[in-house]
Amino acid sequence: MYDVDGADVPRSTVRELHERGRRVVCYVDVGTWEDWRDDADRFPKAARGKPVDGWPGEYWLDVRRHDIRPILAARLKRCRDRGYDGIDPENVNGYTNDTGFPLTAADQREFNRWVAARAHGLGLAVGLKNELEQAKELEPRFDFAVLESCFEFDECGPARRFVSANKAVVAVEYELPRSSFCPRARELRFAAMLKRLALGAWRRPCG
């Protein structure tokens, strides 16, 4: 499985990967506004909150607002139209961050379920990204899980319910040596790997 930026990777690349027998997942940001995206000017200014720490040009979105959903729906449709098999929706845990909005767990849960329903309506699989706090409530609506640094921060446990439901869990670490997380990943039946934070093609998977 390849997880690539849906706005940057053309249909021809998706087709080439399919010809090599790979599944291709469309990375798409649904929880933050990024000033470099081609649809950035479509978002209401009032929907933008505080900046995302460490990522210049990126700001949290108020996911309670229904006027941003047609824009996000168009992003998901572009993934479908380019031939992707599924989506990796980014930043679906805003309520656990300082977004500038009084987001609650219930707000986030409703939004995340909308994302999953919209993806499924387009015939796409959908992953739950870094939202372990509500894994119990959300797992039934999602087809796989993507985790970042869960071994580093000792928070992988809730994702086991995906494995119990016969769903894939992909775990990515950036700082730990493989020897410190691969044995546990194999026990949990996670597909785990080491990557650089720049998120290029480089990776070192657990065997």
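See above for the structure.
Because the structure is predicted, anything quoted here is derived from the model rather than measured. (Residues numbered from 1 in each chain as written. Predicted model: local features only at pLDDT ≥ 70, side-chain atom pairs only at ≥ 80, totals over all residues. Heavy atoms only, no water.)

K.L.:
Could you give me a rundown of the packing of aromatic side chains, with the residues and numbers involved?
P.N.:
Counting across every chain of the model gives four aromatic pairs. Ring centres 6.0 Å apart and planes at 50° place the aromatic pair Trp33 and Tyr59 in the tilted group. Residue Trp33 is located in strand S3 (residues 32-34), and its partner Tyr59 is located in strand S5 (residues 58-61); the two are separated by 26 residues in the primary sequence. Under the relative-accessibility criterion, Tyr59 is labelled partly exposed at 30%. Taking 6.0 Å as the distance between ring centres and 25° as the angle between the ring planes, the aromatic pair formed by Phe111 and Trp114 counts as stacked. In this pair, Phe111 and Trp114 both sit in helix H3 (residues 105-121), three residues apart, roughly one turn of the helix. Judged by its relative accessible area of 18%, Trp114 is buried. A connected cluster of aromatic rings, assembled from ring pairs, spans Phe151, Phe181 and Phe190. Positioned above the aromatic ring of Trp33, the side-chain terminus of Arg48 is 3.9 Å from the ring centre. Arg196 extends its terminal NZ or CZ atom over the ring of Trp202, reaching a point 4.1 Å from the ring centre. (Phe/Tyr/Trp six-rings, centres within 6.5 Å; stacked < 30°, edge-to-face > 60°. Helix = DSSP H or I, 4+ residues; strand = E, 2+ residues; numbered from the N terminus. Buried < 20%, exposed > 50% of the residue type's maximum accessible area, 1.4 Å probe, protein only. Lys NZ or Arg CZ within 6 Å of the ring centre and 35° of its normal.)

K.L.:
Break down the layout of surface pockets for me, with residues and values.
P.N.:
To locate leftover empty space, one rolls a probe as large as a water molecule over the atoms. Its volume calculated, the second largest pocket comes out at about 160 Å³. Lining the second largest pocket we find Met1, Arg23, Val25, Asp85, Gly86, Ala125, Asp143, Phe144, Ala168 and Val170. Of the residues that constitute the lining of the second largest pocket, the class distribution is six nonpolar, one polar and three charged. (1 Å grid on protein atoms, 1.4 Å probe; cavity = no way out; pocket = protein on both sides within 12 Å on 5 of 7 lines; lining within 4 Å. Points joined across faces, edges and corners; volume = space filled by probe spheres on them. Nonpolar A, V, L, I, M, F, W, Y, C, P; charged D, E, K, R; others polar.)

K.L.:
Explain the sheet that holds strand S6 (residues 86-90) residue by residue, including any values.
P.N.:
Spatially, S1-S2-S6-S7-S8-S9-S10-S11 is the arrangement adopted by the eight strands of the open sheet, whose pairing is mixed. Across the chains shown, the open sheet's two edge strands, defined by having one partner strand only, are strand S1 (2-5) and strand S11 (203-205). Here the strands of the sheet are splayed against their neighbours by 25° on average, with no regard to which way each runs. Two elements, strand S9 (residues 168-173) and strand S10 (residues 191-195), share four bridges in a ladder whose sense is parallel. The residue of S10 that forms the bridge with Glu173 is Leu194. In this fold helix H2 (residues 69-81) packs onto strand S2 (24-29) and S6, with an angle of close to 160° to the strand it touches most, S2. (Pairing = 2+ DSSP bridges. Axes fitted to C-alpha atoms, helices over the stretch in contact; angles between N-to-C directions. Contact = heavy atoms within 4.5 Å.)

K.L.:
Give a description of the environment of Leu122 that names residues and reports values.
P.N.:
With respect to the helices and strands, Leu122 occurs in the loop between H3 and strand S7 (125-129). Overall, the relative accessible area of 19% leaves Leu122 in the buried class. The spatial distance from the C-alpha of Leu122 to the C-alpha of Gly86 is 9.5 Å, given a sequence separation of 36 residues. When residues no more than four places from it in sequence are discounted, the contact partners of Leu122 are Leu76, Lys77 and Arg80.

K.L.:
Talk me through the sheet that holds strand S4 (residues 48-51); I want residue IDs and the actual numbers.
P.N.:
Spatial ordering of the open sheet is given by S3-S5-S4, a layout of three strands whose pairing is antiparallel. Of all strands in the sheet, those with a lone pairing partner are S3 and S4, marking the two edges. Along the sheet, successive strands turn relative to each other by an average axial angle of 40°, direction set aside. For S4 and S5, the ladder comprises two bridges, and the chain directions are antiparallel. Residue pairing for S5: Arg48 is matched across the bridge by Leu61.

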